[in-house]
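Residue strings, one per chain:
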Amino acid sequence: MNTQADSVSSQRTPLDATRIRADFPLLARQVHGKPLVYLDNANTAQKPREVIEAVDRFYRQTNANVSRAVHTLGEEATAAYEATRDKLARFIHAPSRDEIVLTSGTTQAINLVAYSYALPRLKAGDEILVTTMEHHANIVSWQVIAERVGAKVVAAPITPAGELIVDEFIARLTPRVKLAGVVHVSNVLGTINPVRELAKACRARGIPLLVDGSQAAPHLRVDVQALGCDFYALTGHKLFGPTGTGALWARKELLRDMPPFFGGGEMIRTVSFDGTTFADPPHRFEAGTPNIAGFVGLGAAIDYVNGLGLDRTGARERELLDHATAALTCVPGLRLFGQAREKAAVLSFLIDGAHAHDLATLLDHEGIAVRSGHHCAHPLMQFYGVPATVRASLAFYNTHEEIDTLVRAIAKVRKLLA
Ligand code: PLP
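Overview of the structure. (Residues numbered from 1 in each chain as written. Predicted model: local features only at pLDDT ≥ 70, side-chain atom pairs only at ≥ 80, totals over all residues. Heavy atoms only, no water.)

### Things to note about the packing of aromatic side chains
Centre-to-centre distance and the angle between the planes together describe a pair of aromatic rings. The tally for this structure, following the rule as stated, stands at 14 aromatic pairs. With a centroid separation of 6.3 Å and 70 degrees between ring planes, the pair formed by Phe24 and Phe240 is classed as edge-to-face. Linking Phe24 in the loop between helix H2 (17–21) and strand E1 (30–31) with Phe240 in the loop between strand E9 (231–235) and strand E10 (246–250), this pair joins segments that are 216 residues apart in sequence. Accessibility classification places Phe24 together with Phe240 in one group, the buried group. On the basis of an interplanar angle of 70 degrees and a centroid distance of 5.6 Å, the ring pair of Phe58 and Tyr59 is categorised as edge-to-face. On the accessibility criterion, Phe58 (4% relative accessible area) is buried. Here a set of aromatic residues connected by ring pairs shows up, and it is made of Phe24, Phe240, Tyr304, Phe396 and Tyr397. (Phe/Tyr/Trp six-rings, centres within 6.5 Å; stacked < 30°, edge-to-face > 60°. Helix = DSSP H or I, 4+ residues; strand = E, 2+ residues; numbered from the N terminus. Buried < 20%, exposed > 50% of the residue type's maximum accessible area, 1.4 Å probe, protein only.)

### Some remarks on helix H4 (residues 72–91)
A rise of 1.5 Å per residue sets the reference length of H4, with its 20 residues, at 28 Å; its end C-alpha atoms lie 28 Å apart and thus fit the reference within 8%. A positive backbone phi angle near 55 degrees is found at His93, which sits one or two residues after H4. (Expected span 1.5 Å × (residues − 1).)

### Some words on the packing of H4 against helix H11 (residues 292–308)
Packed helices, taken two at a time, are described by the angle their axes make and the gap between the axes. Look at H4 against H11: their axes get within 9 Å of each other, and the N-to-C directions meet at 40 degrees. In terms of their interaxial angle, H4 and H11 are classed as oblique. As for the relative orientation of H4 and H11, their crossing is left-handed in sense. Where H4 approaches H11, its residues Ala77, Ala80, Tyr81, Thr84, Lys87, Leu88 and Phe91 are matched on the opposing element by Ile292, Phe295, Val296, Leu298, Gly299, Ile302, Asp303, Val305 and Asn306. A breakdown of the residues in the contact of H4 with H11 according to their chemical character gives 11 nonpolar, 3 polar and 2 charged. (Axes fitted to C-alpha atoms, helices over the stretch in contact; angles between N-to-C directions. Parallel < 35°, antiparallel > 145°, perpendicular 65-115°, else oblique. Left-handed = near helix turned anticlockwise from the far one by under 90°. Contact = heavy atoms within 4.5 Å. Nonpolar A, V, L, I, M, F, W, Y, C, P; charged D, E, K, R; others polar.)

### Here's the deal with the nonpolar core
Of all hydrophobic cores here, the largest spans 113 residues; its most connected members are Phe169, Leu209 and Tyr397. Tallying contributions element by element places H11 first for this core, with 11 residues. Counting contributing residues per domain, this core is built from domain 1 (10–39 + 309–417) and domain 2 (52–306), each supplying no fewer than three. Within the second largest apolar cluster, 27 residues are counted, among which are Ala114, Ile128, Phe231 and Leu255. (Core = buried A, V, L, I, M, F, W, Y, C linked by side-chain atoms within 4.5 Å. Domains from an automatic or database assignment.)

### Quick look at the sheet that holds strand E13 (residues 334–337)
Overall, antiparallel pairing links the 4 strands, which are arranged E13-E14-E17-E16 in an open sheet. Looking at strand neighbours, the two that pair on one side only are E13 and strand E16 (371–373), the edges of this open sheet. Recorded for the sheet is a direction-independent mean angle of 30 degrees between the axes of neighbouring strands. Sheet topology note: the strand E14 (residues 346–351)/strand E17 (residues 389–393) ladder contains 4 bridges and is antiparallel. In the strand pairing of E17, Ser348 is matched with Arg391. Against the sheet, helix H13 (residues 356–365) engages E14, E16 and E17, with an angle of about 160 degrees to E16. (Pairing = 2+ DSSP bridges.)

### Focus on the environment of Tyr384
As for its placement among the helices and strands, Tyr384 is situated in helix H14 (residues 378–384). Sequence separation between Tyr384 and Pro160 is 224 residues, and the spatial gap between their C-alpha atoms is 7.8 Å. What Tyr384 contacts, discounting residues up to four positions off in sequence, is Ile158, Thr159, Pro160, Ala161, Gly162, Leu189, Arg335, Phe337 and Gly338. Among the polar contacts listed, one links the side chain of Tyr384 to the backbone oxygen of Pro160, at a separation of 3.0 Å. (Polar contact = N/O pair within 3.5 Å; in protein donor to acceptor, adjacent residues only side chain to side chain.)

### Points about unusual backbone geometry
Each neighbour pair has its own omega, and for Pro281 with Pro282 the value is 5 degrees, a cis peptide bond. With respect to the helices, strands and loops of the structure, Pro282 is situated in the loop between strand E12 (275–278) and H11.

Structure, rendered in C-alpha cells:
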C-alpha cells in the first residue's frame, strides 16, 4: 500500500517520459507511416487511459441522467458528476464547490459572465478592458454584448517580446471600465501574465477581473484565492479531459446576483405561467442535460494530473521549453514569436519565405502535428504584422527526441519550400 510519504517522495522524482507516454494510447499511433509527434497540445491535449476508461465505464455501467432520478443509476450518475465539481474546486483552490459552474468550456464560461454579469450592468460609453494577446473568446464575447448598449472593448498593449505592459493596463483601468479580462497563459506566445498584480490593481478600483485560464490550468498550479481575481474560466479538453467540458469559478457574491443565462430544466425552484423562481448557484446556470460522461472523464483527468503532480509536470515542461527554444533559435531564417521572461511551453514561429500552412502541411507528412493559422487571436497577428504562425505546443509527455525530430523536419521542408 502506498503511504503518504511514498507519494510525496514519488512526486519529487522527475517524470519518466517512457512510462508516462504509455498512459496515452493515441501517442503510439503512426501518421503517414511515421511515428506521431504530437505538438498541438494547446489546441487539445491527448487523453490518458484513465480518462478514456472512466467515460467507457460510465456508459457501460452507470449511464443515467443527473439529478432527475431516485433510482440507483441516477444517484450514481449524479454523485459522479458532482464529484468532478468537488475535484475542480480543490484543483483551483476555490473557497466553495458552489462557486464552480460546470460549462462546455472556456467559451461558454466567458459568455455566461458576459450575458449574466456584464450585460445588465453595462451602459453606453462603458468599457471592457482586455489585452492585445487575448484569444477571441475573451474579445468577441465582450464585443457582442458591448455593441448592444454602445459600450466598447479596449485593449492594453504588449511589448514585441510578448509581455503585457502592466503600467499601461493599469493606466487604462479608468472609471469607464466595468470589467477587465486577461489571459493567464497566452495560447500563441506562452506568456504567463502577472495575474496577481493585475487583480490587485482591479480590486483597488472596484473593477472585477476575469481570467481566461484555458492554457494555464493544464500546466500551472492555479489558486484563485491567491490570484485574487473574480472570475476564472477553464476548459477540460486541454486539461487531458474530454471535449465539451469546462468550468467557471466566480466569487459567491457575484454569482448570487447573476440572472440565469440559459433557461430550462434543472435550474429552477418553481415554475408557473405567472413566473419562475430559480435555483441557487451553481445549478441556476446549468440548464438542461450536461455532458455527464465528459465530466466523469474530467474528474479522472484531474486525478491523473494530481497523481503526477503539477510541480513535476511543470518542471518537465520547462525543461522541454528550454530545449525547444535553444533548438529552434539555431534554425536559420526562423522567427520566434513570444520571448516573455515568464513563459509556458508554447513556441510560435515562421520561416522566411514559407507560409505557415504550407510548413504545417509538410510537417504533417513527417508525422508531426503542429497548428498553423491565426490561433483565434487576430489582434495579436495584426500586432506582429503576420497573417498566421506555426505553433508547437508541448505537454509533459513530449520528449527531447520529438523536438529534435521537429527541428530536423523543419530543415528538410525549408529546402522544399525554398
Ligand atoms: N482561451 C484560450 C487562451 C484558448 O487557448 C482557447 C482554446 O484554444 C479558448 C479560450 C477557448 O476554449 P474552448 O474552445 O475550449 O472554449
